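Each chain, written out:
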Amino acid sequence: MALTREQLIDAAVGVLSEFGLADLSMRRLARELDVQVGALYWHVKSKQELLVDVAARLLDAVPRPDSPTPALAPMAIAALLRQLRTALITVPDSAEVMQLAQSMRPESLDPLGWLLDFLRIAGVPESDATYARHVLVNHLLGSIGAHQEALALAAGTEPSEASSTWGDEAFDYGVRVILRGMTLERIAG
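Residues numbered from 1 in each chain as written. Predicted model: local features only at pLDDT ≥ 70, side-chain atom pairs only at ≥ 80, totals over all residues. Heavy atoms only, no water.

In terms of regular secondary structure, the chain is built from ten helices and zero strands. Along the chain, helices (α) and strands (β) appear in the sequence α-α-α-α-α-α-α-α-α-α when read from the amino end. Burial analysis of the chain (189 residues in total) assigns 41% to the buried set. Long-range contacts, defined here as pairs at least 24 residues apart, represent 70% of the contacts in the chain between residues at least 6 apart. If you sum the accessible surface of the chain, you get close to 10400 Å²; carbon and sulfur atoms cover 56% of it. (Helix = DSSP H or I, 4+ residues; strand = E, 2+ residues; numbered from the N terminus. Buried < 20%, exposed > 50% of the residue type's maximum accessible area, 1.4 Å probe, protein only. Contact = heavy atoms within 4.5 Å. Areas by Shrake-Rupley, 256 points an atom, 1.4 Å probe, with all protein chains shown as cover.)

The following block contains the structure:
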């Protein structure tokens with residue numbers, strides 16, 4: 001049976017989820033799939049291209065929310081960001097993979113498009129909406145990275161205070177601060 005791009009992405013997500021980004025090599029994937037390394041490059045041009053597909057697959061679990069009214073857009077933005085965090089936080093190095101994907105092909109990550117739409121609905125000017133999304137996504141990925149790092153440092157020891165320091169409450173607080181800041185900037189602007 002011939003290898004498909006979907007099988008390659010599935011295998012990459014599996015290796016990332018179980019072992020992390022450091023162990024996600026094209027050679028390892030070829031071994032996992034019982035093919036030659038060259039067969040992988042029939043489906044993707046580079047490991048980076050594969051990682052963009054992996055990022056998109058990680059976000060497949062996030063359903064498209066209904067478009068909110070302008071008054072409810074801030075709550076919809078916060079809810080979408082929480083869903084993204086939930087989808088990514090248990091996958092080792094997901095923040096790094098997402099950062100690469102966001103840099104290479106943000107349009108391939110549907111939830112980032114939804115976030116941009118919700119910011120526009122909330123009244124963020126078109127000229128600022130992409131910047132606002134960038135700030136929120138950086139907060140999301142930074143929060144995930146800090147949480148995962150704290151858990152890794154605490155592995156094998158008693159749960160540390162650090163692992164809970166960067167949890168849901170801290171993340172939600174950061175989202176609220178960013179959204180309030182956008183409102184204050186428009187008032188002061």
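So, about the confidence of the model for the chain. Residues of the chain with pLDDT of at least 70 account for 90%, and the chain-wide mean is 90. Between the elements of the chain, mean pLDDT differs from a low of 53, seen in helix H9 (residues 161-165), to a high of 97, seen in helix H4 (residues 47-58). (pLDDT = per-residue confidence, 0-100.)

Looking now at the environment of leucine 16. Note on placement: leucine 16 falls in helix H1 (residues 5-19). Expressed as a C-alpha distance, the spacing of leucine 16 and leucine 51, which sit 35 residues apart in the sequence, is 9.8 Å. Other than its neighbours up to four places away in sequence, leucine 16 contacts Leu21, Leu24, Val54, Leu58, Val91, Pro92, Asp93 and Val97.

Let us look at the pattern of salt bridges. Any two side chains of opposite charge can pair if their charged atoms end up close together. The tally for this structure, following the rule as stated, stands at eleven salt bridges. In this structure, arginine 57 and glutamate 6 form a salt bridge, with 2.3 Å as the shortest nitrogen-oxygen distance. One end of the pair, arginine 57, is in helix H4; the other, glutamate 6, is in helix H1, with 51 residues separating them in the sequence. Using a relative accessible area of 45% as the deciding quantity, one classes glutamate 6 as partly exposed. Put simply, aspartate 168 and arginine 85 hold a salt bridge, and the shortest N to O gap is 2.5 Å. Residue aspartate 168 is found in helix H10 (residues 168-188), and its partner arginine 85 is found in helix H5 (residues 73-88); the two are separated by 83 residues along the sequence. Put simply, Arg5, Glu49, Asp53 and Arg105 are held in one network by salt bridges that share partners. (Salt bridge = Lys/Arg side-chain N within 4 Å of Asp/Glu carboxyl O.)

Enumeration according to the criterion identifies zero aromatic pairs in this entry. Sitting over the face of the ring of phenylalanine 19, arginine 28 holds its NZ or CZ atom 4.1 Å from the ring centroid. (Phe/Tyr/Trp six-rings, centres within 6.5 Å; stacked < 30°, edge-to-face > 60°. Lys NZ or Arg CZ within 6 Å of the ring centre and 35° of its normal.)

This paragraph deals with unusual backbone geometry. Notably, aspartate 34 is not glycine yet its phi reads approximately 55°, a positive angle. Topologically, aspartate 34 is positioned in the loop between helix H2 (26-33) and helix H3 (37-40). Non-glycine residue aspartate 93 carries a positive phi angle of around 60°. For aspartate 93, the position within the fold is in the loop between H5 and helix H6 (94-104). Classification of aspartate 93 by relative accessible area gives partly exposed; the value is 29%.

It is at 8 Å that the axes of H6 and helix H8 (residues 126-154) come closest, and there the two elements cross at 155°. One way to sum up the angle between H6 and H8 is to call them roughly antiparallel. Remark: the crossing between H6 and H8 carries left-handed chirality. The segment H6 lies against H8, with Ser94, Ala95, Met98, Gln99 and Gln102 engaging His134, Val137, Asn138, Leu141, Ile144, Gly145 and Gln148. (Axes fitted to C-alpha atoms, helices over the stretch in contact; angles between N-to-C directions. Parallel < 35°, antiparallel > 145°, perpendicular 65-115°, else oblique. Left-handed = near helix turned anticlockwise from the far one by under 90°.)

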